[in-house]
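What follows is the residue order along each chain.
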Amino acid sequence: MSLSDIQNRISKVEAEAGRAAGSVKLIAVSKVQPDARVRAVLEEGHRSFGENRVQEAAGKWPGFREDFDGIDLHIIGPLQSNKVRQAMELAEAIHTVDRPKLAKTIARLAQELGRCPDLFIQVNTGEEEQKAGVMPRDADAFIAECRALDLPIKGLMCIPPVDEAPSLHFALLAKIAARNDLSGLSMGMSGDFEQAIALGATHVRVGSAIFGERVSG
Ligand SMILES: *Cc1c(COP(=O)(O)O)cnc(C)c1O
């Protein structure tokens, strides 16, 4: 697989699903990939990337930004409160807003910094204990709470359980988004991004299918 293969597959499903061409953003998930692989994808002209860990993102993206214009960085991993400022300074988007305390911290820092990345609320569609995200039954109230804080909520994000059909989770996320008037849907990874697009994904997060298997982590 390569970047252009994935882009072609996205275009094909966009067309099949009656979605506008270019309506799905491909986020190339570069976590734990060697810099040379990431640089190669940048040199192909790609600009949207995803990182799980703020620390790791801080280590590599300021350097890449010196060499490439227009980088669009997405934080897609669980966010600890003490990393929020750094995440907001580094990224164009954060996909993992999942609790009131975090929402309040982001709102306070947005005032202080005078800017705020685009935000997605992570929903734990599989109600898995070990996984981050607001429970589906709490999602409507949490979305309202974030809006009351004036946060720029663009949509919802989910990571389906590994042992279940992802389509049910994508459909649930789309339903929660629709009833809350949210247009962004961050869903779909290497193994299931085509299904996610068919069910309305606007942002797919694809790592190993672009970069190859992760060396570690
Ligand atoms: C690692 C990761 C991805 C990418 O996973 P692949 O299966 O390599 O495409 C997507 N989303 C999140 C939240 C991740 O942590």
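Residues numbered from 1 in each chain as written. Predicted model: local features only at pLDDT ≥ 70, side-chain atom pairs only at ≥ 80, totals over all residues. Heavy atoms only, no water.

Naming follows an unreviewed UniProt entry, where the protein chain appears as Pyridoxal phosphate homeostasis protein of Sulfitobacter faviae. Regarding the protein chain, the relevant UniProt record gives this comment under Function (unreviewed entry): "Pyridoxal 5'-phosphate (PLP)-binding protein, which is involved in PLP homeostasis." Recorded in UniProt for the protein chain, the comment headed Sequence similarities (unreviewed entry) runs: "Belongs to the pyridoxal phosphate-binding protein YggS/PROSC family." (UniProt positions renumbered as here; feature names shortened; annotations may be inferred.)

Draft legend 1. Structural view of the site of the ligand. Within the structure, the ligand sits among 13 residues, and Lys31, Ser190, Gly207, Ser208 and Arg214 are positioned closest to it. One nitrogen or oxygen atom from the main chain of glycine 207 is found 2.8 Å from an oxygen atom belonging to the ligand. Serine 208 is positioned such that a nitrogen or oxygen atom in its backbone is 2.8 Å from an oxygen atom of the ligand. Here the ligand, which alone exposes 380 Å², has 90% of that area covered by the protein. Given that more than half its atoms are within 2 Å of the pocket grid, the ligand belongs to the largest pocket. (Near = heavy atom within 4 Å. Polar contact = N/O pair within 3.5 Å; in protein donor to acceptor, adjacent residues only side chain to side chain. Areas by Shrake-Rupley, 256 points an atom, 1.4 Å probe, with all protein chains shown as cover. 1 Å grid on protein atoms, 1.4 Å probe; cavity = no way out; pocket = protein on both sides within 12 Å on 5 of 7 lines; lining within 4 Å. Sits in = over half its atoms within 2 Å of the grid points.)

Draft legend 2. Focus on the nonpolar core. Of all hydrophobic cores here, the largest spans 61 residues; its most connected members are Phe49, Trp61, Val97, Ile121, Leu156, Val204 and Ile210. The greatest single-element share of this core, amounting to six residues, is contributed by helix α5 (residues 100-113). (Core = buried A, V, L, I, M, F, W, Y, C linked by side-chain atoms within 4.5 Å. Buried < 20%, exposed > 50% of the residue type's maximum accessible area, 1.4 Å probe, protein only. Helix = DSSP H or I, 4+ residues; strand = E, 2+ residues; numbered from the N terminus.)

Draft legend 3. Here's a closer look at helix α3 (residues 54-67). Between its first and last C-alpha atoms α3 spans 20 Å; for 14 residues at 1.5 Å apiece the expected length is 20 Å, and the two agree. When the local axis directions of α3 are compared, the greatest deviation, roughly 30°, occurs at tryptophan 61, which is followed within four positions by the proline proline 62. Here the buried face of α3 lies against α2 (35-43), β2 (48-51), β3 (72-75) and α4 (84-90). (Expected span 1.5 Å × (residues − 1). Bend = angle between axes of the 7 residues up to and from the residue. Contact = heavy atoms within 4.5 Å.)

Draft legend 4. The arrangement of the packing of helix α6 (residues 136-148) against helix α7 (residues 166-179) in detail. Look at α6 against α7: their axes get within 10 Å of each other, and the N-to-C directions meet at 30°. Between α6 and α7, the interaxial angle falls into the category roughly parallel. Between α6 and α7 the crossing geometry is right-handed. When α6 is examined against α7, the residues Pro136, Ala139, Asp140 and Ile143 are found in contact with a partner set consisting of Leu172, Ile176 and Arg179. Along the lines of polarity and charge, the residues of the contact of α6 with α7 split into five nonpolar, no polar and two charged. (Axes fitted to C-alpha atoms, helices over the stretch in contact; angles between N-to-C directions. Parallel < 35°, antiparallel > 145°, perpendicular 65-115°, else oblique. Left-handed = near helix turned anticlockwise from the far one by under 90°. Nonpolar A, V, L, I, M, F, W, Y, C, P; charged D, E, K, R; others polar.)

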